[in-house]
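# A structural walkthrough
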Amino acid sequence: MGTTQLETAPEPKYWHLKTVLSEALDSEFAVGEILPNERELAARFGVARATLRQALEQLELEGRLQRRRGVGTTVAPPRVGVAVDPARHTWPGAPGDDWQPLDATETEAVPPAVARLLETAPGDRVHVVRRSRVTHGQPVAAELLYVPSAVVPGCSAVAALNAPARARAVLNALQERELEGQDRTVELGSARAEDAKQLDRLPGAPVLVVTTRYVSGGRTAAVAVSTYRADTCRLTFGESDAVALLAG
């Protein structure tokens, strides 16, 4: 990568630098290769490190780079296609669902946005099922599934089970109800510390947050908040849909 004059570029410096770096990634670097450190890159391009960081963050958001703990910034492999709803009209945990149940706890503390969707009142107990999704041996998503205890009343006595069994008990009880419908939203977010650890990312790394609301008995019976790695995932919707949402 040679030195490039950026001062006269019409677009912001970091955006022009991002384009130059992207071209270099295509021609000079292999997947998994570690980039020079920020000091070296900033010196070679004659830019401030703050400008360089903006360009690197944009490339990470677009899935071209990965920041890895203890390694540095590496060239990312092509994104993996991940089907969000392969079984559109089924509950979480139904046959064909490739999420792995990890644990389930019962609590009164849920995020305000989730409480609004569930229409729960202060003090209402909610089961929180934690699940993980792995593709090609790589963690690609982490999920928290919120189920009001009143929806699955028989699950209050599962605390004595081991962690995965607790999660499966809540999922099995949920599947006994009739699913009337579901809707979902997708937004770009930043990885929380817990999600980042599960996904092998740095806190604050770009993620795609898919929120799914499940309806049964005329009310919201469960809400799933699924956090996908934005650097490695290409989310697809529908079994035969050609439409894909490209992360970043």
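Structure shown above.
Described in the following lines is the structure provided in the data block. As the structure is a computational prediction, the values presented were derived from the model and not from experiment.

The rules behind each value
- Residues numbered from 1 in each chain as written.
- Predicted model: local features only at pLDDT ≥ 70, side-chain atom pairs only at ≥ 80, totals over all residues.
- Heavy atoms only, no water.
- Helix = DSSP H or I, 4+ residues; strand = E, 2+ residues; numbered from the N terminus.
- Buried < 20%, exposed > 50% of the residue type's maximum accessible area, 1.4 Å probe, protein only.
- Contact = heavy atoms within 4.5 Å.
- Areas by Shrake-Rupley, 256 points an atom, 1.4 Å probe, with all protein chains shown as cover.
- Core = buried A, V, L, I, M, F, W, Y, C linked by side-chain atoms within 4.5 Å.
- Polar contact = N/O pair within 3.5 Å; in protein donor to acceptor, adjacent residues only side chain to side chain.
- Pairing = 2+ DSSP bridges.

### Some details on the overall build of the protein chain
Assigned secondary structure in the protein chain consists of six helices and 11 strands. Of all 248 residues assigned to the protein chain, the portion counted as buried reaches 45%. Considering only contacts in the protein chain between residues 6 or more positions apart, those separated by 24 or more positions represent 65%. Carbon and sulfur atoms form 51% of the exposed surface of the protein chain, whose accessible area is close to 12400 Å².

### What about the nonpolar core?
Core analysis: the biggest nonpolar cluster contains 19 residues, and Leu145, Val147, Val152 and Leu174 have the highest contact counts within it. For this core, the secondary structure elements donating two or more residues are strand 6 (138-148), helix 5 (163-175) and strand 9 (219-229). In terms of residue count, helix 5 provides more of this core than any other element does, six residues in total. Phe29, Leu41, Ala55 and Leu59 belong to the second-largest nonpolar core, a separate cluster that totals 16 residues.

### Structural notes on the side chain of Asp195
One can find Asp195 in helix 6 (residues 193-199). Looking at Asp195, its side chain comes within polar contact range of the side chain of Arg192, at 3.1 Å. Setting aside residues no more than four positions away along its own chain, Asp195 makes contact with Ala142 and Thr227.

### A short note on unusual backbone geometry
For Glu119, which is not glycine, the phi dihedral falls at a positive 60°. As for its position among the elements, Glu119 is in the loop between helix 4 (112-118) and strand 5 (126-135). The class of Glu119 is exposed, set by a relative accessible area of 64%.

### Thoughts on the pairing of strand 5
Most of strand 5 sits out of view: eight of its 10 residues are buried. Pairing between strand 5 and strand 6: 10 bridges, direction antiparallel. Bridging across to strand 6, Ser132 finds its partner in Ala142. What sits between the antiparallel neighbours strand 5 and strand 6 is a turn of two residues, in which His136 has the positive phi angle 55°.

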